[in-house]
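# What the coordinates show
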Amino acid sequence: MTQLARFILGLLAALALLTWAVSGVVQTTTHEWFERDVSAHAQLAMVSATRSMADAWYDPDGLQKRLVAIDRNQHVIGVAACNADLTTRSMTPDLPEDFHCRAVGVWVRAAGTAAGDENPKLREWSTIATLPTGRVYVAAMPVVSQGQALGFVILAHDLSYIERREARAQTFLLVVFGALAILAFGVPLLVARRVRHDWSMEVRKLLRKGGKQPREFQPILGDVRELIARMADEREDLPGQWTAERLRQILNRNLHGEKIVILANREPYSHIRGEDGRIEVQHPASGLVTALEPIMRACSGVWVAHGSGNADRETVDRNDHVRVPPEEESYHIRRVWLSEEEQQGHYYGFSNEGLWPLCHIAHTRPTFRAEDWAYYQKVNQKFSDAVCEEVDSEDPIILVEDYHFALAPAMIRKRLPSATIIAFWHIPWPNAERMGICPWHNELLEGLLGSSIIGFHTQLHCNNFLDSVDRYLETRRDREQNAVIMHGQKTLVRPYPIALEWPVRWAEMAPDPAACRVQVWKDLGLKPDALLGLGVDRLDYTKGIEERLLAVEMLLERYPKYRGRFTFVQLAEPSRTKIERYRELNEAVERLAKRINERFGTAEYQPIILLRSHHEPPEVFRYYRAADLCYVSSLHDGMNLVAKEFVAARIDLEGVLILSEFTGAAQELTEALIVNPYDLVKSSDAMAVALGMPEEERRDRMQSMRSMIGRFNVYRWAGKMLVDAAYLRNQERLSGRLAEHLPVSTNL
Ligand code: ADQ
């Protein structure tokens, strides 16, 4: 029972008790009033009756008429005139037998005796008697003529009407009291509920949307977030800080695994022969690599990937292995070689002209070609075979990463039925209707359902996936566990928002923010009082780079004070340049930057600086540390790790993050200024807010986001998946053992 329900029940009980007590007091009081009223009334009636009866005492007809006249009163039950010897002189027919002359006379005489008369006389007497018909007031009074008692008169009054009146009065009282109580307690309660509702809606809105948060809500939001984090921790089997060491322990203890095998298209390190002929190691610009590389360093094992560097073949051993990271050598990469056609069909064609635009709402039409699909299947098989060659047990732990390998889980499962396969989809999953656009949606779903677990960044993407399965495949759903069962094989579908290692090694290695600022100011030729905005992306149409530059233009247009002072530097790594749409984007961004620079630039000032080349992480982190604001304006993004990296870099608690509401990160980094990147006016306002934000507010926001990404780091992300996998594995082992002992298959 909720606290509110308990409070209302308590209140109602107190009200009922109060009403009961008050109605008791009121009933007793009104009862006394009524009875006193009736007896006074009866006394009066008696006095006048005895007087008139004395005159007619010896006239039987006259006496009877007077009795009948008295009896006409609606509350009088009966009247009798009695002789002194207690015989009846005259009587109305309805007078109850208990009150006839002889019965009452005894009491009338007794009253005289009790009064201490020497010669007991007839005396006034009255009582209230209870008959089966109700209560009755009976009074008797002597009839005296010229000082001599002729006899006495009996008058019986009905009192049951008093009880009826009392009952009505009580009902009325209860209704009035109830209405007053509802008004007295209900109205303040409703007002309080309304106020609480409005307040919590406001807090929720702020938690969800971010935006410019009123100062008075800041401490509350911090507390709420702290509470959410604590609750999330309490739900875990192993609350507390996650580290590389702890992840290793989970792997060894829960899964008895020494190493893991990762399958991803992109390799974490590629070897590039530069123009000077020397081979260099490069870190590719990829969110997947950023997140997973620390996991691999923590757990060791094999990373199976496409060997894409122009010197990759020269650096592998005869098993196509190369040990990495360069000086650490804690795991190795298994490079898989692809022909031009295979790359074209699998990577550029089906993956990036088909699935990528299908899964992102960014208004680029997906293209599905049958020949690309054939390569997609072939390459998935090729990589799956490579994975199976790398495992060293029958039940290895295999992580299959992203949309390039939707078919691999089922292919691997075929060869390794006991493997624990965890597939993670790094981009959004579209709704079921949209998924139907892909001519091979069934095959993709069936391929993924070869996994033990399928992870997405958000619950929405999980829901979309489950809806697609429901719509297109014959499977069973375990709603309790959020799982799909196909051909007796269970697959958990869960949200695991991806994160960064903590601490981030590039942030640890970077110079302090002041030194970074000096270096970046020098590199970009900025004036000392310049203000710097930053964007860091692969050149991809989902990242909203055009919208971002247009918002900068809008800022300079609407806030002239920033002209000549505010510069936006965009690190844009060319990506997928063999695809026409990406080449178009590259040109469009260049044209746009040129136009804005022509409009607002001068000989010494360029509002937009476009750096289109690969930047190694130390350089990217230098920019993060130098910038006054970082704007992540994705039109649709599974998570977006640039936003988290910017926060991780700001050990000085400086800098403001502006974040698109269409990123998965916006659900976690709620202290960022959250914007709709299509709304250029509001986005430019957000930049102005960021540039003018008081230091205290900047620090508060940054501090809160840093504590979030420190706690919800990538070790926790992987650890949670491994714990879930271990649970599933135990469950399967148990049901396997049960099946051995039971004649009928339990078919989990
Ligand atoms: P990506 O689309 O690659 O990832 P993101 O998560 O933002 O996007 O990660 C990009 C990574 O590349 C970052 O580590 C960043 O530092 C680096 N990077 C970007 N531009 C760069 C540049 N110009 N030079 C050098 N480095 C650059 C996909 C999904 C995301 C999801 C990740 C992880 O699209 O939504 O967050 O996978 O799951």
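Up top you'll find the structure we're talking about.
Structural notes, computed from the coordinates. Since the model is a prediction, treat every value here as computed from it, not as a measurement. (Residues numbered from 1 in each chain as written. Predicted model: local features only at pLDDT ≥ 70, side-chain atom pairs only at ≥ 80, totals over all residues. Heavy atoms only, no water.)

Let's shift gears to the overall build of the protein. Within the protein one finds 23 helices and 23 strands. Compactness check: the protein gives a C-alpha radius of gyration of 46 Å against a globular reference of 27 Å for 748 residues, more than 25% above the reference. Split into buried and exposed, the 748 residues of the protein put 53% on the buried side. A sequence separation of at least 24 residues applies to 71% of the contacts in the protein between residues at least 6 apart. Total accessible area on the protein is roughly 35300 Å²; 53% of this is exposed by carbon and sulfur atoms. (Helix = DSSP H or I, 4+ residues; strand = E, 2+ residues; numbered from the N terminus. Rg over C-alpha atoms; globule rule 2.2 N^0.38 Å. Buried < 20%, exposed > 50% of the residue type's maximum accessible area, 1.4 Å probe, protein only. Contact = heavy atoms within 4.5 Å. Areas by Shrake-Rupley, 256 points an atom, 1.4 Å probe, with all protein chains shown as cover.)

Turning to the pairing of strand β9 (residues 301-306), a few remarks are in order. For β9, the buried fraction is high: 6 of the 6 residues fall into the buried class. Sheet topology note: the β9/strand β11 (residues 331-336) ladder contains 5 bridges and is parallel. Following the sheet pairing, Ala305 is matched in β11 by Arg335. (Pairing = 2+ DSSP bridges.)

Let us now look at the packing of aromatic side chains. As enumerated under the stated definition, the model contains 20 aromatic pairs in all. Relative to Phe368, the ring of Phe350 lies with its centre 5.6 Å away and its plane at 55°, an arrangement referred to as tilted. Linking Phe350 in helix α9 (residues 340-359) with Phe368 in the loop between α9 and α10 (370-390), this pair joins segments that are 18 residues apart in sequence. With a centroid separation of 5.5 Å and an interplanar angle of 45°, the aromatic rings of Phe456 and Phe465 are classed as tilted. Like Phe456, the residue Phe465 is buried in the burial classification. Taken together, the ring pairs in this structure connect Phe350, Phe368, Trp373, Tyr376 and Trp440 into an aromatic cluster. The cationic tip of Arg246 hangs over the ring face of Trp242; the distance from NZ or CZ to the ring centre is 4.1 Å. A cation over a ring is seen here: Arg576 above Trp356, with NZ or CZ 4.2 Å from the ring centre. (Phe/Tyr/Trp six-rings, centres within 6.5 Å; stacked < 30°, edge-to-face > 60°. Lys NZ or Arg CZ within 6 Å of the ring centre and 35° of its normal.)

Moving on: the sheet that holds strand β21 (residues 629-632). With parallel pairing, the 6 strands of this open sheet are ordered in space as β20-β19-β18-β21-β22-β23. Bordering the open sheet on either side are β20 (608-611) and β23 (673-675), each of which pairs with just one other strand. Direction aside, the axes of adjacent strands within the sheet are offset by 20° on average. As judged from the 3 bridges shared by strand β22 (residues 656-660) and β23, these two strands associate in the parallel manner. (Axes fitted to C-alpha atoms, helices over the stretch in contact; angles between N-to-C directions.)

Mapped onto the fold, Glu501 is located in the loop between β17 (489-495) and α15 (505-509). A distance of 3.5 Å separates the side chain of Glu501 from the side chain of Arg297, its partner in a polar contact. In this structure the side chain of Glu501 is engaged in a polar contact, spanning 3.3 Å, whose partner is the backbone nitrogen of Arg505. Once residues lying within four places of it in the same chain are set aside, the contact partners of Glu501 are Pro294, Arg297, Asn713, Val714 and Tyr715. (Polar contact = N/O pair within 3.5 Å; in protein donor to acceptor, adjacent residues only side chain to side chain.)

Attention now goes to the pattern of salt bridges. Overall, the coordinates contain 40 salt bridges when judged by the stated rule. Notably, a salt bridge pairs Arg334 with Glu389, separated by 3.1 Å at the nearest N-O pair. Here Glu389 lies in helix α10 and Arg334 lies in strand β11, a separation of 55 residues in the sequence. For Glu389, a relative accessible area of 51% gives the class exposed. The closest approach of N and O atoms between Asp470 and Arg477, which form a salt bridge, is 2.6 Å. For Asp470, a relative accessible area of 37% corresponds to the partly exposed category. One network of salt bridges, with partners in common, ties together Glu293, Arg297, Glu501 and Arg505. (Salt bridge = Lys/Arg side-chain N within 4 Å of Asp/Glu carboxyl O.)

Moving on, we come to the layout of surface pockets. Looking at the second largest pocket, its volume works out to about 790 Å³. Residue contributions to the lining of the second largest pocket peak at 3 residues, all from α9. For the lining of the second largest pocket, the residue count by class is 8 nonpolar, 12 polar and 8 charged. (1 Å grid on protein atoms, 1.4 Å probe; cavity = no way out; pocket = protein on both sides within 12 Å on 5 of 7 lines; lining within 4 Å. Points joined across faces, edges and corners; volume = space filled by probe spheres on them. Nonpolar A, V, L, I, M, F, W, Y, C, P; charged D, E, K, R; others polar.)

Tracing the backbone through its elements, the reader meets Val289 in helix α7 (residues 287-299). Its relative accessible area of 6% is what places Val289 among the buried residues. Considering only alpha carbons, one finds Val289 and Arg266, 23 residues apart in sequence, at a separation of 7.2 Å. Apart from the residues within four sequence positions on either side, Val289 is in contact with Arg266, Glu267, Pro268, Pro284, Pro294 and Trp303.

Another point: the packing of helix α17 (residues 545-558) against helix α18 (residues 580-600). Contact geometry of α17 with α18 gives a least axis separation of 10 Å together with a crossing angle of 10°. By the angle between their axes, α17 is roughly parallel relative to α18. Contacts from Ile545, Glu546, Leu549, Leu550, Glu553, Leu556 and Glu557 of α17 reach α18 at Leu585, Ala588, Val589, Leu592, Ala593, Arg595, Ile596, Arg599 and Phe600. Grouping the constituent residues of the contact of α17 with α18 by class yields 11 nonpolar, no polar and 5 charged. (Parallel < 35°, antiparallel > 145°, perpendicular 65-115°, else oblique.)

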